[in-house]
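# Breakdown of the fold
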Amino acid sequence: MSLLDWIPFFKKNDKPKLDPEEARSMLTTRYNQFRQLIQANTKTHEHIAELEEALRGFHPYGMHYVRALCTRISISTYKMIRHLNELNPESYSILFDRFKEIQELIAQQIEPVQFSGEGKLVLDFDQVGRDQADLCGPKMAMLGEAGKSLGLKIPAGFMVTTAAFRKFMAQDGLQGEIDRIIQATDFDNRDEVFQVSSRVMQLIISTEFPEDISTAIMDGYNRLRALLGHEAKLAIRSSALGEDVEGAAFAGQYRSILNVNSASLIMAVKEVMASKYTMQAMAYRNNRGMKDEDVAMCVGCIEMVEPASAGVAYSRNPVNVRDENISIYSVWGLPRAVVDGSTETDEFSVERNGTLKVTERRIAEKCDKYICDSNEGICRTELLDSCRTDPSLTDEQALQVAAVAVRIEEHFGPPQDIEWALTEAGEFYLLQCRPLMLVDNEDEHSADTLNLPKPLLAGGRTASPGVGIGPVYPVRKSADRLSFPDGGVMVLKQASPNHAALLDRCSAIISEQGGMAGHLANVAREFGVPALFGVKGALETLQEGQIVTVDADGHGVYSGPVEPLLKEKPRKRLMRGSPVQAALRSAARHIVRLNLTDPESPNFKPSKCKTYHDIMRYCHEMAVREMFGFGISDEYIMAASKQLICNVPKQFWVLDLGNGISPEGEVNDRCVFMQHVESIPMRALWAGMQAVPWEGPPPIHGKGLMSVMFEATMNPNLNIAARSTYDQKNYFMISKNYCCLQSRFGFHFCGVESLVGERTSENYASFQFKGGAANPERRRMRAKFIGGILDELDFRVRIREDNMHARLEGLDQEDMEYHLKILGYLITHTRQLDMIMTNAAHVKKYRERFFKDFEIFN
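Residues numbered from 1 in each chain as written. Predicted model: local features only at pLDDT ≥ 70, side-chain atom pairs only at ≥ 80, totals over all residues. Heavy atoms only, no water.

## Examining the overall build of the protein chain
Convention followed: The way it works is that DSSP assigns letters per residue, a run of H or I at least four long becomes a helix, a run of E at least two long becomes a strand, and they are numbered from the N terminus. Here a residue-residue contact requires only that any non-hydrogen atoms of the pair lie within 4.5 Å. Calculation of accessible area relied on Shrake-Rupley with a 1.4 Å probe; when residues are assessed, cover is drawn exclusively from the protein chains displayed.
The number of helices and strands found in the protein chain is 24 helices and 30 strands. A fraction of 67% describes how many contacts in the protein chain between residues 6 or more apart in sequence connect residues 24 or more apart. In the structure as shown, the protein chain presents an accessible area of about 38,500 Å², 49% of it carried by carbon and sulfur atoms.

## A short note on the packing of aromatic side chains
Test applied: Geometry of aromatic contacts follows a simple scheme: Phe, Tyr and Trp rings, the Trp one being its six-membered ring, pair when their centres are within 6.5 Å, and the pair is stacked under 30 degrees between planes, edge-to-face over 60, tilted otherwise. Each residue gets one of three labels from its accessible area relative to the maximum for its type: buried under 20%, exposed over 50%, partly exposed in between, using a 1.4 Å probe on protein chains only.
Evaluated as defined, the whole model comprises 19 aromatic pairs. Measuring from centroid to centroid gives 6.1 Å for Y92 and Y618, while their planes differ by 70°, and the two rings are edge-to-face. Here Y92 is found in the loop between α2 (63-87) and α3 (94-110), whereas its partner Y618 is found in helix α18 (residues 612-628), with 526 residues between them in sequence. On the basis of relative accessibility, which here comes to 6%, the residue Y92 falls in the buried class. Residue Y618 is classed as buried on the basis of its relative accessible area of 6%. The interplanar angle of 70° and the centroid separation of 4.7 Å between the aromatic rings of F168 and F209 together place this pair among those described as edge-to-face.

## A short note on the packing of helix α8 (residues 190-205) against helix α10 (residues 265-274)
Rules: Lines are fitted to the C-alpha atoms to define the axes, a helix being fitted only along its stretch in contact, and any angle between axes, read from their N-to-C directions, falls within 0 to 180 degrees. Orientation labels follow simple angle bins: below 35 degrees gives roughly parallel, above 145 gives roughly antiparallel, 65 to 115 gives roughly perpendicular, and whatever is left gives oblique. Here a crossing is called left-handed whenever its near helix is offset anticlockwise from the far helix by less than a right angle, and right-handed whenever the offset is clockwise. Ten residue types, Ala, Val, Leu, Ile, Met, Phe, Trp, Tyr, Cys and Pro, are classed as nonpolar, four, Asp, Glu, Lys and Arg, as charged, and the remainder, Gly among them, as polar.
Packing of α8 against α10 brings their axes to within 9 Å, and their N-to-C directions diverge by 150°. When the axis of α8 is compared with that of α10, the two are roughly antiparallel. By crossing handedness, the relation of α8 to α10 is classed as right-handed. Two secondary-structure elements touch here, α8 through M201, I204 and I205 and α10 through M267, K270, E271 and A274. Here the residues of the contact of α8 with α10 are counted per class, giving 5 nonpolar, no polar and 2 charged.

## Looking at the sheet that holds strand β19 (residues 531-533)
This is how it is decided: For two strands to count as paired, DSSP must find a minimum of two bridges between them.
Strand order in this open sheet of 8 strands is β14-β21-β20-β16-β17-β18-β19-β15, and the pairing throughout is mixed. Either end of the sheet is taken by a strand with one partner, and the two such strands are β14 (457-458) and β15 (461-464). In terms of strand pairing, strand β17 (residues 489-492) meets strand β18 (residues 508-511) through 4 bridges, oriented parallel. Opposite V491, over in β18, you have I510 as the bridge partner.

## Some remarks on the sheet that holds strand β13 (residues 428-435)
Taken in spatial order, the 6 strands make up an open sheet running β9-β8-β7-β6-β12-β13, and their pairing is antiparallel. Looking at which strands have only one partner, the edges of the open sheet turn out to be β9 (357-362) and β13. Averaged over all pairs of adjacent strands, the angle between their axes in this sheet comes to 20°, without regard to strand direction. By the bridge criterion, 5 bridges tie strand β7 (residues 326-332) to strand β8 (residues 346-351) in an arrangement that is antiparallel.

## Section: the pairing of β13
Most of β13 is tucked away: 7 of the 8 residues are buried. Sheet topology note: the strand β12 (residues 416-422)/β13 ladder contains 7 bridges and is antiparallel. Note that in β13 the partner of W420 across the bridge is L430. Connecting the antiparallel pair β12 and β13 is a turn made up of 5 residues, with G426 showing a positive phi of about 85°.

## Observations regarding the environment of L105
Position of L105 among the secondary structure elements: in helix α3. Placed 485 residues apart in sequence, L105 and H590 show a C-alpha to C-alpha distance of 7.2 Å.

## Regarding the pattern of salt bridges
We apply this condition: Salt bridges are defined as contacts in which a side-chain nitrogen from Lys or Arg sits within 4 Å of a carboxyl oxygen from Asp or Glu.
Taken as a whole and assessed by the stated rule, the structure comprises 36 salt bridges. For R255, the salt bridge is made with E271, and the minimal N-O distance between the two is 2.8 Å. One end of the pair, R255, is in the loop between β3 (234-240) and β4 (257-260); the other, E271, is in helix α10, with 16 residues separating them in the sequence. The exposure class of R255 is partly exposed, given its relative accessible area of 40%. Its salt-bridge partner being E801, residue R780 comes within 2.9 Å of it at the nearest N-O pair. Of this pair, R780 sits in helix α22 (residues 776-792) while E801 sits in the loop between β29 (796-800) and β30 (803-809), and the two are 21 residues apart along the sequence. According to the relative accessible area criterion, R780 is partly exposed, its value standing at 26%. Taken together, the salt bridges that share partners define one network made up of R316, E324, R352 and E409.

## Quick look at the pairing of β12
Summarising burial for β12: 7 of the 7 residues are buried, a large majority. Here β12 shows two buried faces, one formed by Q416, I418, W420 and L422 and the other by D417, E419 and A421. As paired elements, strand β6 (residues 309-314) and β12 share 6 bridges and run antiparallel to each other. Residue pairing in the sheet places G311 in a bridge with W420 of β12.

## Quick look at the nonpolar core
For clarity, the cut-off: Side-chain atoms within 4.5 Å link the members of a nonpolar core, which is a set of buried Ala, Val, Leu, Ile, Met, Phe, Trp, Tyr and Cys residues.
I236, V269, I328 and L430 are the most contacted members of the largest nonpolar core, which has 86 residues in total. With 8 residues, helix α14 (residues 395-412) is the largest single contributor of residues to this core. Each residue touching I328, except ones within four places of it in the same chain, is listed here: V312, A313, D346, E347, F348, V350, L393, A398, V401, A402 and W420. Within the second largest apolar cluster, 52 residues are counted, among which are A40, L95, M622 and M627.

## Quick word on the confidence of the model for the protein chain
What counts, and what does not: Residue-level confidence of the predictor, termed pLDDT, takes values from 0 up to 100.
When pLDDT is averaged along the protein chain, the result is 83, and 87% of the positions lie at 70 or above. Of the regions scoring below 50 in pLDDT, residues 244-249 engages in 22 contacts with residues more than four places distant in sequence or in other chains.

## Here's the deal with the packing of helix α7 (residues 174-183) against α8
Direction vectors running N to C along α7 and α8 enclose 175°, while the axes themselves pass 11 Å from each other. It follows from the interaxial angle that α7 and α8 lie roughly antiparallel. Between α7, through L174, E177, I178, I181 and I182, and α8, the contact on the second element is made entirely by V196, R199, V200, L203 and I204. A class-by-class count of the residues in the contact of α7 with α8 yields 8 nonpolar, no polar and 2 charged.

## Some words on unusual backbone geometry
We note that N259 has phi near 60°; this positive angle belongs to a residue other than glycine. With respect to the secondary-structure elements, N259 resides in strand β4. Residue classification places N259 among the buried positions, given a relative accessible area of 2%. Backbone geometry at E801 places phi at a positive 55°, although glycine is not the residue there.

See below:
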């Protein structure tokens, strides 16, 4: 070895010279992987923010949404892992294993439970009680319990159980096909939901029952016929899991088919099963946060009762928790006219203090009634004039119904909503009982005390309390429901339960017919939607699009907003406590929590990633290091870079990763002028760096100077005359929308990374500041000084010793450019400020000057 080999200046360089185009191509390829990783990171953050908003529970969603959201998060997280492995194929493959383990944990929380299919396909009704709720559904289980435990007369019959339903739906992948159809459905698109509902129901109805289910159903019918001693006409009624439980009545959302003969029995059972997917039932489950897979449709096949009068009774007042009176609603014939809101009903109020006593009667004019057709089904027939104004119950019969309501409430506990029938012979039949939801209407008021204007309409009955405001939208036919506006006031002729699918969108309901006991009234109370029923002339008086205030408590409809009535109410958390929200919350434990918070910690490694957020954090940190730290040699950067020709004493080098320099600037392989730079974030950053000339170092008192001198002697990296880890050029890596600056200014080091463009959700700026010439305490104080300024400017700031990180994201292009100019300004003007950090007066002066200078960027 010659003497010259020992002298660095004369040392031979045996490395082959890199081709600039080859180096630039390699770096551009790496940058594209990095850019796609950053885009996946941004997208995953958006999805997680959406998940966190969903957990608040203000907006309805179903399991299809939960699974789709978790899938989107999984896909974007996986993309981050893939792109990181493209940057360095040898170091990060373990992340794929951690990802799979976390993915499996999430799947356990959100995938449908596989049922064994065990249990009887058909169960005779005399064997049904509350212990059979999982097999027969709560509706029929509670009816059977009331019959057995209280000795009440209930119709004879049999149940087609959950085991039969699940076996049928598992046949030939029927449930899987339905799940695929629903998973792809946009539940905000009502036309699409309507089409999906029709498609799914037709799919179920057109599928044949397995032979053992058909045989079991007909065997049940034959046993019932033998018990009755004659051919039986049946009421085929839904009894789904989750139906008729407290807070989720599903009132009128599923189908019941009345007066069915044996020839039509099998088809009727299938139609009731298919009604699980009516548009209103799907919307109800979605709005109540109920899992589709948890709702198995049991079907009650019970003896058809032909009553003289029938109706509904509430053991308490559903719109006034302080009213303990029993309310009874009755009509001639079948009770359908009460629950579908198609006719006026008689109303009886029974006091329960000690001895039951009828205290109030409202006898309606009842023009028609529902009866059983002589062949099959039911029909509507006009009443004779002599019967129309007659009460459908005597006081004695009203007291009989009230006594049953009280007994059922005492047995089950909560207030009860019962459906009943009285035959010509005076026999009482209990047809249904379920918990009654009570509304605590704290805002109830008197119109006389509020000095209200004259109403457009007055009268009617409070079906659901409250006040609503919005544009009038009449719904006269089914097709009108598809174009119902958000926040509209629904105006109806008849309070049909089919309209319940719109309750999550409407601000109030006005109906010309119907009462408090109807199915739509029940569901409106569950959803907290004000409803005023029995308002004559509403469709004729109110014009589509007209803004009205509906005062259901005061029985009035007013033109425009009525301020005395309008009171800001807390938003209702629709999903709180629901099974769907619980599933999402369980999945979120493996998605949202961040455990890897410190990149310098020995635990910052793939094996410690417990959530998707951990994987995201790790991938982002490692990608930055691979791209701008340990992953690229200086030779490649030098070969691909051009020197920036600018009027500053400092050297900057620019590495164009694609479309960052205009074609005119590409002519020269060695240098580039600022006017040829087209990178949006670099131009903004450079504008801030050059906006105000630097006045030089601040005046230093003795202690500050001694601190610098001492630190320089103790830290060889600060010796400018020597080679060190800090002796590096200042690089801009750019594209049209991207910029990364790695730079040394004086004795401190800074880095800026930013993406700025038209896609606001992807925009971000990240700033790192570290080091200085003074002692550690002064450097820490400068880091806090800069961090405090950026915190006021909406950056998220993290400080560790003298290392300050700040990040800003999600702003539009103009705002991002403004904040980048401020970062550029701080890079230039915070040089050597660490030396005066112990002087409070100087610190205050510089802070005030900085904020005054920031005004030039507005």
